[in-house]
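Structure at a glance
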Amino acid sequence: MSEIGGMNILTLAQTYGTPLAVYDEGALRDKLKSFTEHFRSDSFKTDVVYASKAFNCMAMIQLIEEYGCCLDVVSGGELYTAYKAGYDCSKIFFHGNNKTPAEIKMALDLGVGTIVLDNEMEAAELVRQISGTDKKINAYLRVNPGIEAHTHKYIVTAHVDSKFGISMLDEEDIVNVIRMVSSTDNITFEGIHAHIGSQIFDKKAYSELVKKMFAFASKLKNEYGFDVTGVNLGGGFAAYYTDEDHPIPVDEVCAEIIRTCEEENAKNGNQITRVLIEPGRSIVAEAGYNLYTIGYIKKTPNKLYAFVDGGMSDNIRPALYQAKYDAFIAGKENDEVSGTYTIAGKCCESGDILIQSIALPEVKTGDILVMKTTGAYGYSMASHYNKLPLPAVVFVKDGTAREVIERETYEHLISLEKQEVNP
Ligand code: LLP
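Residues numbered from 1 in each chain as written. Predicted model: local features only at pLDDT ≥ 70, side-chain atom pairs only at ≥ 80, totals over all residues. Heavy atoms only, no water.

1. A few points about the site of the ligand
Around the ligand there are 19 residues in total, and Ser 198, Glu 278, Arg 317, Tyr 321 and Tyr 377 lie nearest to it. Between the ligand and the protein, one listed contact pairs an oxygen atom with a backbone N or O atom of Gly 236 at 2.8 Å. Taking Glu 278, its side chain carries an N or O atom lying 2.7 Å from a nitrogen atom of the ligand. Tallied by class, the residues present in the shell around the ligand amount to six nonpolar, seven polar and six charged. (Near = heavy atom within 4 Å. Polar contact = N/O pair within 3.5 Å; in protein donor to acceptor, adjacent residues only side chain to side chain. Nonpolar A, V, L, I, M, F, W, Y, C, P; charged D, E, K, R; others polar.)

Written as C-alpha coordinates, this is what we have:
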(Lines give C-alpha, C1' and ligand atoms only; values in the text may rest on other atoms or scores of the structure.)
Protein backbone atom coordinates (compact mmCIF):
# COMPACT_ATOMS: atom_id res chain seq x y z
CA MET A 1 0.00 0.00 0.00
CA SER A 2 1.43 3.34 -0.98
CA GLU A 3 -1.53 5.39 0.19
CA ILE A 4 -3.56 5.98 3.31
CA GLY A 5 -7.08 7.34 2.79
CA GLY A 6 -6.25 7.99 -0.85
CA MET A 7 -3.19 10.07 -0.07
CA ASN A 8 0.39 9.20 -0.89
CA ILE A 9 2.29 8.26 2.25
CA LEU A 10 5.49 10.03 1.23
CA THR A 11 3.52 13.21 0.59
CA LEU A 12 1.98 12.93 4.05
CA ALA A 13 5.42 12.55 5.62
CA GLN A 14 6.76 15.47 3.62
CA THR A 15 3.84 17.76 4.37
CA TYR A 16 3.45 17.10 8.08
CA GLY A 17 6.87 15.79 9.08
CA THR A 18 7.60 12.69 11.16
CA PRO A 19 6.94 11.06 13.52
CA LEU A 20 3.36 11.36 12.41
CA ALA A 21 0.17 9.60 13.48
CA VAL A 22 -2.13 9.12 10.51
CA TYR A 23 -5.73 7.90 10.69
CA ASP A 24 -7.64 6.59 7.70
CA GLU A 25 -10.92 8.36 8.44
CA GLY A 26 -12.86 6.06 6.12
CA ALA A 27 -11.67 3.07 8.17
CA LEU A 28 -12.75 4.79 11.40
CA ARG A 29 -16.16 5.45 9.88
CA ASP A 30 -16.50 1.87 8.62
CA LYS A 31 -15.89 0.51 12.12
CA LEU A 32 -18.35 2.89 13.70
CA LYS A 33 -20.94 2.01 11.08
CA SER A 34 -20.34 -1.68 11.57
CA PHE A 35 -20.69 -1.58 15.36
CA THR A 36 -23.80 0.61 15.28
CA GLU A 37 -25.45 -1.48 12.55
CA HIS A 38 -24.72 -4.88 14.06
CA PHE A 39 -25.17 -4.20 17.72
CA ARG A 40 -28.96 -4.07 17.57
CA SER A 41 -31.86 -6.02 18.96
CA ASP A 42 -35.65 -5.93 18.75
CA SER A 43 -35.89 -7.01 22.37
CA PHE A 44 -33.97 -4.20 24.10
CA LYS A 45 -32.35 -0.85 23.41
CA THR A 46 -28.69 -1.06 22.47
CA ASP A 47 -25.86 1.44 22.69
CA VAL A 48 -22.28 1.46 21.49
CA VAL A 49 -20.15 3.45 23.92
CA TYR A 50 -16.76 4.44 22.48
CA ALA A 51 -14.00 3.98 25.09
CA SER A 52 -12.15 7.18 24.38
CA LYS A 53 -9.04 6.21 26.37
CA ALA A 54 -7.99 4.35 23.20
CA PHE A 55 -7.72 7.67 21.37
CA ASN A 56 -9.31 10.81 22.72
CA CYS A 57 -9.29 14.05 20.78
CA MET A 58 -11.96 16.47 19.65
CA ALA A 59 -12.00 15.32 16.01
CA MET A 60 -12.47 11.71 17.09
CA ILE A 61 -15.23 12.62 19.52
CA GLN A 62 -17.05 14.54 16.79
CA LEU A 63 -17.04 11.37 14.67
CA ILE A 64 -18.44 9.45 17.62
CA GLU A 65 -21.28 11.95 17.88
CA GLU A 66 -21.96 11.73 14.15
CA TYR A 67 -22.55 7.98 14.44
CA GLY A 68 -24.84 8.39 17.44
CA CYS A 69 -22.53 6.55 19.81
CA CYS A 70 -22.22 7.20 23.53
CA LEU A 71 -18.83 8.06 25.03
CA ASP A 72 -16.75 6.56 27.85
CA VAL A 73 -14.44 8.98 29.65
CA VAL A 74 -12.23 8.18 32.63
CA SER A 75 -10.90 11.52 33.74
CA GLY A 76 -11.58 15.22 33.93
CA GLY A 77 -9.24 15.65 30.95
CA GLU A 78 -11.12 13.24 28.71
CA LEU A 79 -14.39 14.79 29.86
CA TYR A 80 -13.15 18.32 29.17
CA THR A 81 -12.10 17.32 25.64
CA ALA A 82 -15.56 15.88 24.97
CA TYR A 83 -17.21 19.01 26.34
CA LYS A 84 -15.00 21.27 24.19
CA ALA A 85 -15.78 19.10 21.15
CA GLY A 86 -19.42 20.04 21.65
CA TYR A 87 -20.36 16.47 22.47
CA ASP A 88 -23.74 15.95 24.13
CA CYS A 89 -22.65 15.29 27.74
CA SER A 90 -25.87 13.48 28.55
CA LYS A 91 -24.48 10.59 26.45
CA ILE A 92 -21.28 10.34 28.47
CA PHE A 93 -20.43 7.43 30.76
CA PHE A 94 -17.97 8.57 33.41
CA HIS A 95 -15.70 5.71 34.48
CA GLY A 96 -12.73 5.30 36.79
CA ASN A 97 -11.83 3.76 40.12
CA ASN A 98 -10.80 7.02 41.77
CA LYS A 99 -12.80 9.89 40.36
CA THR A 100 -11.82 12.79 42.53
CA PRO A 101 -14.45 14.95 44.25
CA ALA A 102 -13.49 17.73 41.80
CA GLU A 103 -14.05 15.40 38.83
CA ILE A 104 -17.43 14.32 40.20
CA LYS A 105 -18.38 17.98 40.59
CA MET A 106 -17.26 18.69 37.04
CA ALA A 107 -19.37 15.80 35.76
CA LEU A 108 -22.43 17.09 37.60
CA ASP A 109 -21.84 20.67 36.42
CA LEU A 110 -21.45 19.62 32.79
CA GLY A 111 -24.53 17.40 32.88
CA VAL A 112 -22.83 14.06 32.38
CA GLY A 113 -25.61 11.52 31.80
CA THR A 114 -24.22 8.46 33.55
CA ILE A 115 -21.64 7.72 36.17
CA VAL A 116 -20.23 4.21 36.42
CA LEU A 117 -19.58 3.79 40.11
CA ASP A 118 -16.59 1.80 41.25
CA ASN A 119 -16.84 1.59 45.02
CA GLU A 120 -18.74 2.47 48.15
CA MET A 121 -16.79 5.59 49.08
CA GLU A 122 -17.27 7.02 45.62
CA ALA A 123 -21.01 6.35 45.83
CA ALA A 124 -21.10 8.20 49.16
CA GLU A 125 -19.25 11.16 47.63
CA LEU A 126 -21.70 11.32 44.73
CA VAL A 127 -24.69 11.21 47.09
CA ARG A 128 -23.09 13.93 49.23
CA GLN A 129 -22.55 16.21 46.25
CA ILE A 130 -25.87 15.69 44.49
CA SER A 131 -28.32 15.57 47.39
CA GLY A 132 -30.40 18.70 47.74
CA THR A 133 -29.43 20.04 44.31
CA ASP A 134 -31.52 20.08 41.16
CA LYS A 135 -28.95 17.91 39.36
CA LYS A 136 -29.72 14.44 38.07
CA ILE A 137 -27.52 11.54 37.00
CA ASN A 138 -27.95 7.88 36.05
CA ALA A 139 -25.71 5.34 37.72
CA TYR A 140 -24.26 1.97 36.84
CA LEU A 141 -22.16 -0.04 39.25
CA ARG A 142 -19.03 -1.76 38.01
CA VAL A 143 -19.04 -5.35 39.19
CA ASN A 144 -16.31 -7.88 38.86
CA PRO A 145 -17.78 -11.11 37.47
CA GLY A 146 -14.64 -13.21 38.00
CA ILE A 147 -13.96 -13.61 34.29
CA GLU A 148 -10.63 -12.44 33.01
CA ALA A 149 -9.98 -12.44 29.31
CA HIS A 150 -6.75 -11.29 27.78
CA THR A 151 -5.59 -12.07 24.29
CA HIS A 152 -6.12 -15.71 23.37
CA LYS A 153 -7.49 -17.14 26.57
CA TYR A 154 -10.17 -16.33 29.03
CA ILE A 155 -10.31 -17.69 32.49
CA VAL A 156 -13.14 -17.87 34.93
CA THR A 157 -11.71 -17.29 38.35
CA ALA A 158 -12.83 -16.15 41.71
CA HIS A 159 -10.45 -13.24 41.17
CA VAL A 160 -11.66 -10.93 43.88
CA ASP A 161 -8.77 -8.51 44.17
CA SER A 162 -9.09 -6.41 41.06
CA LYS A 163 -8.75 -2.70 41.66
CA PHE A 164 -11.85 -2.18 39.51
CA GLY A 165 -15.40 -2.58 40.67
CA ILE A 166 -16.81 -4.84 43.35
CA SER A 167 -16.67 -8.60 43.11
CA MET A 168 -20.00 -10.33 42.54
CA LEU A 169 -19.00 -12.44 45.52
CA ASP A 170 -19.15 -9.35 47.74
CA GLU A 171 -22.89 -9.15 47.36
CA GLU A 172 -23.38 -7.22 50.55
CA ASP A 173 -21.13 -4.38 49.36
CA ILE A 174 -22.92 -4.26 46.02
CA VAL A 175 -26.28 -4.11 47.74
CA ASN A 176 -25.03 -1.32 50.02
CA VAL A 177 -23.96 0.81 47.08
CA ILE A 178 -27.23 0.33 45.22
CA ARG A 179 -29.23 1.13 48.38
CA MET A 180 -27.11 4.21 48.99
CA VAL A 181 -27.59 5.70 45.53
CA SER A 182 -31.24 4.72 45.41
CA SER A 183 -31.84 6.73 48.58
CA THR A 184 -31.77 10.00 46.65
CA ASP A 185 -34.19 10.96 43.89
CA ASN A 186 -31.37 12.72 42.04
CA ILE A 187 -29.73 9.42 41.11
CA THR A 188 -31.40 6.82 38.93
CA PHE A 189 -29.74 3.47 39.38
CA GLU A 190 -29.87 1.84 35.98
CA GLY A 191 -27.74 -1.27 36.04
CA ILE A 192 -24.46 -3.12 36.23
CA HIS A 193 -21.25 -2.82 34.27
CA ALA A 194 -18.29 -5.15 33.74
CA HIS A 195 -15.16 -5.04 31.62
CA ILE A 196 -13.25 -8.29 31.46
CA GLY A 197 -10.08 -7.44 29.57
CA SER A 198 -8.63 -6.28 26.30
CA GLN A 199 -7.61 -7.73 22.94
CA ILE A 200 -10.06 -10.63 23.40
CA PHE A 201 -10.23 -13.19 20.60
CA ASP A 202 -12.66 -15.63 22.14
CA LYS A 203 -16.34 -14.88 21.75
CA LYS A 204 -17.17 -17.47 24.40
CA ALA A 205 -15.71 -15.06 26.95
CA TYR A 206 -18.54 -12.69 26.07
CA SER A 207 -21.29 -15.34 26.24
CA GLU A 208 -19.96 -16.35 29.63
CA LEU A 209 -20.04 -12.73 30.71
CA VAL A 210 -23.58 -12.20 29.42
CA LYS A 211 -24.84 -15.23 31.33
CA LYS A 212 -23.24 -14.07 34.58
CA MET A 213 -24.42 -10.49 34.23
CA PHE A 214 -28.02 -11.34 33.37
CA ALA A 215 -28.22 -13.89 36.18
CA PHE A 216 -26.80 -11.35 38.62
CA ALA A 217 -29.20 -8.62 37.46
CA SER A 218 -32.08 -10.99 38.01
CA LYS A 219 -30.78 -11.92 41.47
CA LEU A 220 -30.55 -8.23 42.42
CA LYS A 221 -34.16 -7.81 41.35
CA ASN A 222 -35.65 -10.97 42.81
CA GLU A 223 -33.78 -11.06 46.10
CA TYR A 224 -33.44 -7.36 46.84
CA GLY A 225 -36.13 -5.72 44.73
CA PHE A 226 -33.73 -3.45 42.82
CA ASP A 227 -34.93 -2.18 39.49
CA VAL A 228 -31.93 -3.27 37.40
CA THR A 229 -32.72 -2.60 33.74
CA GLY A 230 -29.31 -2.06 32.11
CA VAL A 231 -26.31 -4.27 31.46
CA ASN A 232 -23.06 -2.78 30.18
CA LEU A 233 -20.64 -5.46 28.96
CA GLY A 234 -17.51 -3.28 28.56
CA GLY A 235 -15.07 -3.49 25.68
CA GLY A 236 -12.10 -5.67 24.83
CA PHE A 237 -12.78 -6.58 21.18
CA ALA A 238 -9.52 -7.52 19.51
CA ALA A 239 -7.75 -5.84 16.60
CA TYR A 240 -5.44 -7.25 13.95
CA TYR A 241 -1.78 -6.31 14.59
CA THR A 242 0.16 -9.16 12.99
CA ASP A 243 -0.74 -12.45 11.33
CA GLU A 244 -0.71 -14.08 14.77
CA ASP A 245 -3.96 -12.26 15.50
CA HIS A 246 -7.39 -13.51 14.50
CA PRO A 247 -9.90 -11.00 15.78
CA ILE A 248 -13.57 -11.92 15.67
CA PRO A 249 -15.26 -9.86 12.95
CA VAL A 250 -17.47 -7.11 14.38
CA ASP A 251 -20.69 -8.54 12.91
CA GLU A 252 -19.96 -11.97 14.40
CA VAL A 253 -19.09 -10.85 17.89
CA CYS A 254 -22.08 -8.48 17.96
CA ALA A 255 -24.42 -11.25 16.76
CA GLU A 256 -23.09 -13.63 19.43
CA ILE A 257 -23.56 -11.09 22.20
CA ILE A 258 -27.02 -10.04 21.06
CA ARG A 259 -28.16 -13.65 20.68
CA THR A 260 -26.94 -14.62 24.16
CA CYS A 261 -28.46 -11.50 25.69
CA GLU A 262 -31.83 -12.19 24.07
CA GLU A 263 -31.79 -15.80 25.29
CA GLU A 264 -30.78 -14.92 28.82
CA ASN A 265 -33.22 -12.03 28.98
CA ALA A 266 -36.11 -14.23 27.90
CA LYS A 267 -35.25 -16.63 30.74
CA ASN A 268 -35.54 -13.79 33.23
CA GLY A 269 -38.79 -12.27 32.04
CA ASN A 270 -37.11 -9.64 29.82
CA GLN A 271 -36.06 -7.59 32.80
CA ILE A 272 -33.23 -5.90 30.87
CA THR A 273 -34.29 -3.08 28.57
CA ARG A 274 -30.86 -1.71 27.61
CA VAL A 275 -27.58 -3.43 26.72
CA LEU A 276 -24.33 -1.59 26.07
CA ILE A 277 -20.84 -2.41 24.83
CA GLU A 278 -17.75 -0.20 25.09
CA PRO A 279 -15.29 -0.83 22.27
CA GLY A 280 -12.16 1.29 22.18
CA ARG A 281 -9.27 -0.46 20.45
CA SER A 282 -11.39 -2.25 17.84
CA ILE A 283 -12.68 1.08 16.52
CA VAL A 284 -9.42 2.97 16.19
CA ALA A 285 -6.47 0.53 16.15
CA GLU A 286 -6.45 -0.66 12.54
CA ALA A 287 -7.27 2.78 11.15
CA GLY A 288 -4.03 4.20 12.59
CA TYR A 289 -0.51 4.28 11.12
CA ASN A 290 2.64 5.76 12.60
CA LEU A 291 5.10 7.23 10.11
CA TYR A 292 8.76 7.54 11.06
CA THR A 293 11.85 8.63 9.22
CA ILE A 294 14.71 6.16 9.31
CA GLY A 295 17.87 7.68 10.76
CA TYR A 296 21.03 5.68 11.20
CA ILE A 297 21.50 2.01 10.51
CA LYS A 298 23.73 0.09 12.88
CA LYS A 299 25.09 -3.45 12.74
CA THR A 300 25.94 -5.26 15.96
CA PRO A 301 27.26 -8.84 16.11
CA ASN A 302 23.74 -10.27 16.13
CA LYS A 303 21.45 -7.50 15.02
CA LEU A 304 20.81 -5.05 12.27
CA TYR A 305 19.23 -1.93 13.74
CA ALA A 306 17.25 0.68 11.88
CA PHE A 307 16.70 3.72 14.09
CA VAL A 308 13.58 5.88 13.83
CA ASP A 309 12.85 9.44 14.89
CA GLY A 310 10.24 8.43 17.50
CA GLY A 311 9.85 5.42 19.72
CA MET A 312 8.47 4.53 23.13
CA SER A 313 7.48 8.16 23.68
CA ASP A 314 4.83 7.90 20.95
CA ASN A 315 4.14 4.17 21.27
CA ILE A 316 4.85 2.60 24.64
CA ARG A 317 3.02 -0.64 23.83
CA PRO A 318 5.98 -2.72 22.58
CA ALA A 319 8.05 -1.80 25.65
CA LEU A 320 5.20 -2.12 28.12
CA TYR A 321 3.33 -5.17 26.82
CA GLN A 322 5.76 -6.70 24.35
CA ALA A 323 3.11 -5.81 21.78
CA LYS A 324 3.92 -6.84 18.22
CA TYR A 325 3.43 -4.71 15.14
CA ASP A 326 3.85 -5.03 11.41
CA ALA A 327 5.48 -2.36 9.27
CA PHE A 328 6.70 -1.57 5.78
CA ILE A 329 8.89 0.97 4.02
CA ALA A 330 6.83 3.43 1.98
CA GLY A 331 7.61 3.12 -1.72
CA LYS A 332 9.40 -0.21 -1.24
CA GLU A 333 6.31 -2.35 -0.68
CA ASN A 334 7.11 -4.61 -3.61
CA ASP A 335 10.88 -4.71 -3.23
CA GLU A 336 12.61 -7.95 -2.35
CA VAL A 337 13.38 -8.62 1.30
CA SER A 338 17.05 -7.99 2.03
CA GLY A 339 17.40 -8.58 5.76
CA THR A 340 15.94 -8.85 9.20
CA TYR A 341 15.87 -5.56 11.03
CA THR A 342 15.28 -4.46 14.58
CA ILE A 343 13.40 -1.17 14.62
CA ALA A 344 14.60 0.91 17.54
CA GLY A 345 13.39 4.26 18.81
CA LYS A 346 15.56 7.19 19.84
CA CYS A 347 14.80 7.19 23.56
CA CYS A 348 17.48 6.65 26.13
CA GLU A 349 16.26 3.24 27.21
CA SER A 350 17.35 -0.21 26.02
CA GLY A 351 13.72 -1.32 25.96
CA ASP A 352 12.88 1.29 23.35
CA ILE A 353 12.46 -1.22 20.55
CA LEU A 354 9.37 -0.82 18.39
CA ILE A 355 9.77 -4.07 16.45
CA GLN A 356 12.15 -6.81 17.58
CA SER A 357 12.51 -8.49 14.25
CA ILE A 358 11.08 -7.72 10.85
CA ALA A 359 12.02 -8.75 7.33
CA LEU A 360 12.35 -5.68 5.09
CA PRO A 361 13.91 -4.65 1.81
CA GLU A 362 17.14 -2.74 2.16
CA VAL A 363 16.43 0.13 4.57
CA LYS A 364 18.17 3.44 3.96
CA THR A 365 18.48 6.65 5.91
CA GLY A 366 15.61 8.93 4.97
CA ASP A 367 13.19 6.10 4.19
CA ILE A 368 9.73 6.34 5.70
CA LEU A 369 8.79 3.42 7.93
CA VAL A 370 5.05 2.88 8.29
CA MET A 371 3.93 1.01 11.39
CA LYS A 372 0.45 -0.44 11.09
CA THR A 373 -2.39 -0.74 13.62
CA THR A 374 -1.07 2.05 15.83
CA GLY A 375 -4.42 3.83 16.27
CA ALA A 376 -5.24 2.57 19.78
CA TYR A 377 -3.36 3.40 22.97
CA GLY A 378 -0.50 4.95 21.01
CA TYR A 379 -0.99 8.70 21.03
CA SER A 380 -3.19 8.36 24.12
CA MET A 381 -0.35 6.75 26.10
CA ALA A 382 2.39 8.96 24.66
CA SER A 383 4.85 10.67 26.99
CA HIS A 384 7.43 13.41 26.94
CA TYR A 385 10.28 11.12 27.89
CA ASN A 386 13.59 12.67 26.81
CA LYS A 387 11.53 15.77 26.14
CA LEU A 388 10.46 14.55 22.75
CA PRO A 389 7.55 16.61 21.41
CA LEU A 390 4.34 14.70 20.69
CA PRO A 391 3.75 13.99 16.99
CA ALA A 392 1.08 15.63 14.89
CA VAL A 393 -2.08 13.66 14.13
CA VAL A 394 -3.81 13.81 10.76
CA PHE A 395 -7.07 12.32 9.51
CA VAL A 396 -7.06 11.42 5.83
CA LYS A 397 -10.13 10.77 3.71
CA ASP A 398 -10.74 10.68 -0.04
CA GLY A 399 -7.27 11.97 -0.78
CA THR A 400 -7.50 14.93 1.59
CA ALA A 401 -5.69 15.28 4.89
CA ARG A 402 -6.64 17.44 7.84
CA GLU A 403 -4.44 18.01 10.81
CA VAL A 404 -6.48 17.27 13.93
CA ILE A 405 -3.65 17.69 16.46
CA GLU A 406 -0.64 19.88 15.79
CA ARG A 407 2.89 18.67 16.35
CA GLU A 408 4.27 19.95 19.64
CA THR A 409 7.12 22.44 19.44
CA TYR A 410 10.00 22.89 21.87
CA GLU A 411 8.18 26.01 23.07
CA HIS A 412 5.15 23.89 24.01
CA LEU A 413 7.48 21.65 25.96
CA ILE A 414 8.66 24.44 28.23
CA SER A 415 5.47 26.47 28.19
CA LEU A 416 4.51 25.62 31.76
CA GLU A 417 7.97 26.10 33.19
CA LYS A 418 8.79 29.17 35.25
CA GLN A 419 11.20 31.32 33.35
CA GLU A 420 13.06 33.03 36.24
CA VAL A 421 16.59 31.80 36.35
CA ASN A 422 17.50 33.35 39.72
CA PRO A 423 14.48 33.30 41.97
N1 LLP B 1 -14.45 -0.08 29.07
C2 LLP B 1 -13.68 -0.06 30.17
C3 LLP B 1 -14.28 0.12 31.47
C4 LLP B 1 -12.29 -0.20 30.05
O5 LLP B 1 -11.54 -0.18 31.14
C6 LLP B 1 -11.70 -0.34 28.77
C7 LLP B 1 -10.24 -0.45 28.60
C8 LLP B 1 -12.54 -0.34 27.65
C9 LLP B 1 -13.91 -0.22 27.83
C10 LLP B 1 -12.02 -0.45 26.24
O11 LLP B 1 -11.33 -1.62 26.02
P12 LLP B 1 -10.82 -1.99 24.53
O13 LLP B 1 -12.07 -2.21 23.70
O14 LLP B 1 -10.06 -0.83 24.04
O15 LLP B 1 -10.01 -3.20 24.72
N16 LLP B 1 -3.44 0.22 27.35
C17 LLP B 1 -3.80 -1.15 27.04
C18 LLP B 1 -5.30 -1.35 27.04
C19 LLP B 1 -5.94 -0.93 28.35
C20 LLP B 1 -7.43 -1.06 28.33
C21 LLP B 1 -8.03 -0.43 29.53
N22 LLP B 1 -9.44 -0.45 29.57
C23 LLP B 1 -3.19 -1.51 25.68
O24 LLP B 1 -2.57 -0.65 25.06
O25 LLP B 1 -3.31 -2.65 25.24
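2. Side note on the pairing of strand 5 (residues 70-73)
The alternating pattern of strand 5 places Cys 70 and Asp 72 and Leu 71 and Val 73 on opposite faces, both of which are buried. As defined by bridge partners, strand 4 (residues 45-51) adjoins strand 5 across three bridges and the pair is classed as parallel. Across the sheet, Val 49 pairs through a bridge with Cys 70, a residue of strand 5. Crossover strand 4 to strand 5 through helix 3 (residues 58-66) is right-handed. The sheet contact formed by strand 5 and strand 6 (residues 92-94) spans three bridges and is parallel. Residue Asp 72 lies in a different strand from strand 6, and its bridge partner there is Phe 93. In this fold, strand 5 hands off to helix 4 (residues 76-84), which returns the chain to strand 6; that crossover is right-handed. (Buried < 20%, exposed > 50% of the residue type's maximum accessible area, 1.4 Å probe, protein only. Helix = DSSP H or I, 4+ residues; strand = E, 2+ residues; numbered from the N terminus. Pairing = 2+ DSSP bridges. Right-handed = clockwise from strand over helix to strand, strands pointing away.)

3. Some points on the confidence of the model for the chain
Looking at the chain, the pLDDT average stands at 96 and 97% of residues meet or exceed 70. Mean pLDDT values for the elements of the chain range from 60 in strand 10 (residues 153-156) up to 99 in strand 3 (residues 20-24). (pLDDT = per-residue confidence, 0-100.)

4. Side note on the domain arrangement of the chain
Splitting the chain by domain gives domain 1 (25-280) and domain 2 (288-374 + 391-411). Look at where the C-alpha atoms of domain 1 and domain 2 centre, and you get two points 34 Å apart. Domain 1 puts 14 residues into the contact, and the matching count from domain 2 is twelve residues. The largest contributions to the domain 1 side of the interface with domain 2 come from Glu 25, Ala 59 and Tyr 241, which together make up 53% of the buried area. (Domains from an automatic or database assignment. Contact = heavy atoms within 4.5 Å. Buried area = accessible area lost by both parts, 1.4 Å probe.)

5. Looking at helix 1 (residues 9-16)
All buried positions along helix 1 are accounted for by Ile 9, Leu 12, Ala 13 and Tyr 16. Take helix 1 and look down its axis: the buried residues cluster within an arc of 95°, on one side only. When the buried face of helix 1 is taken as reference, the exposed residues oriented beyond 90 degrees from it are Gln 14 and Thr 15. A distance of 2.8 Å separates the backbone nitrogen of Leu 10 from a side-chain oxygen at the start of helix 1, and that oxygen is part of Asn 8. Of the residues trailing helix 1, Gly 17 is marked for its positive phi of about 80°. (Arc of directions from axis to C-beta.)

6. What about the pattern of salt bridges?
One pass over the structure, following the stated rule, counts 22 salt bridges. In this structure, the salt-bridge partner of Lys 105 is Asp 109, at a minimum N-O distance of 2.7 Å. With Lys 105 and Asp 109 both in helix 5 (residues 101-110) and four residues apart, the pair spans about one turn of that helix. With relative accessibility at 42%, the residue Asp 109 sits in the partly exposed group. Overlapping salt bridges, with partners in common, bring together Glu 25, Arg 29, Glu 66 and Arg 402 in one network. (Salt bridge = Lys/Arg side-chain N within 4 Å of Asp/Glu carboxyl O.)

7. A closer look at the packing of helix 2 (residues 25-38) against helix 3
Axis separation between helix 2 and helix 3 bottoms out at 10 Å; the angle between their running directions is 40°. When the interaxial angle is binned, helix 2 and helix 3 end up oblique. Here helix 2 runs over helix 3; the crossing is right-handed. On helix 3, the residues touching Glu 25, Leu 28, Arg 29 and Leu 32 of helix 2 are Met 60, Leu 63, Ile 64 and Glu 66. Looking at the contact of helix 2 with helix 3 residue by residue, the class counts come to five nonpolar, no polar and three charged. (Axes fitted to C-alpha atoms, helices over the stretch in contact; angles between N-to-C directions. Parallel < 35°, antiparallel > 145°, perpendicular 65-115°, else oblique. Left-handed = near helix turned anticlockwise from the far one by under 90°.)

8. Section: the packing of aromatic side chains
Counted according to the given criterion, the structure contains eleven aromatic pairs. Consider the rings of Tyr 224 and Phe 226, whose centres lie 6.1 Å apart with planes at 15°: the pair is stacked. Aromatic ring contacts, followed pair by pair, group Tyr 23, Phe 55, Tyr 379 and Phe 395 into a single cluster. Residue placement shows Lys 99 over the ring face of Phe 94; its charged tip is 5.9 Å from the ring centre. (Phe/Tyr/Trp six-rings, centres within 6.5 Å; stacked < 30°, edge-to-face > 60°. Lys NZ or Arg CZ within 6 Å of the ring centre and 35° of its normal.)

9. Quick word on the environment of Asp 314
For Asp 314, the location among the structural elements is in the loop between strand 16 (304-308) and helix 11 (317-321). Distance from Asp 314 to Ala 21, taken between C-alpha atoms, is 9.0 Å for residues 293 residues apart in sequence. When residues no more than four places from it in sequence are discounted, the contact partners of Asp 314 are Pro 19, Asn 290, Tyr 292, Gly 378, Tyr 379, Ala 382 and Pro 391. One polar contact links Asp 314 to Tyr 292, side chain to side chain, over a distance of 2.4 Å.

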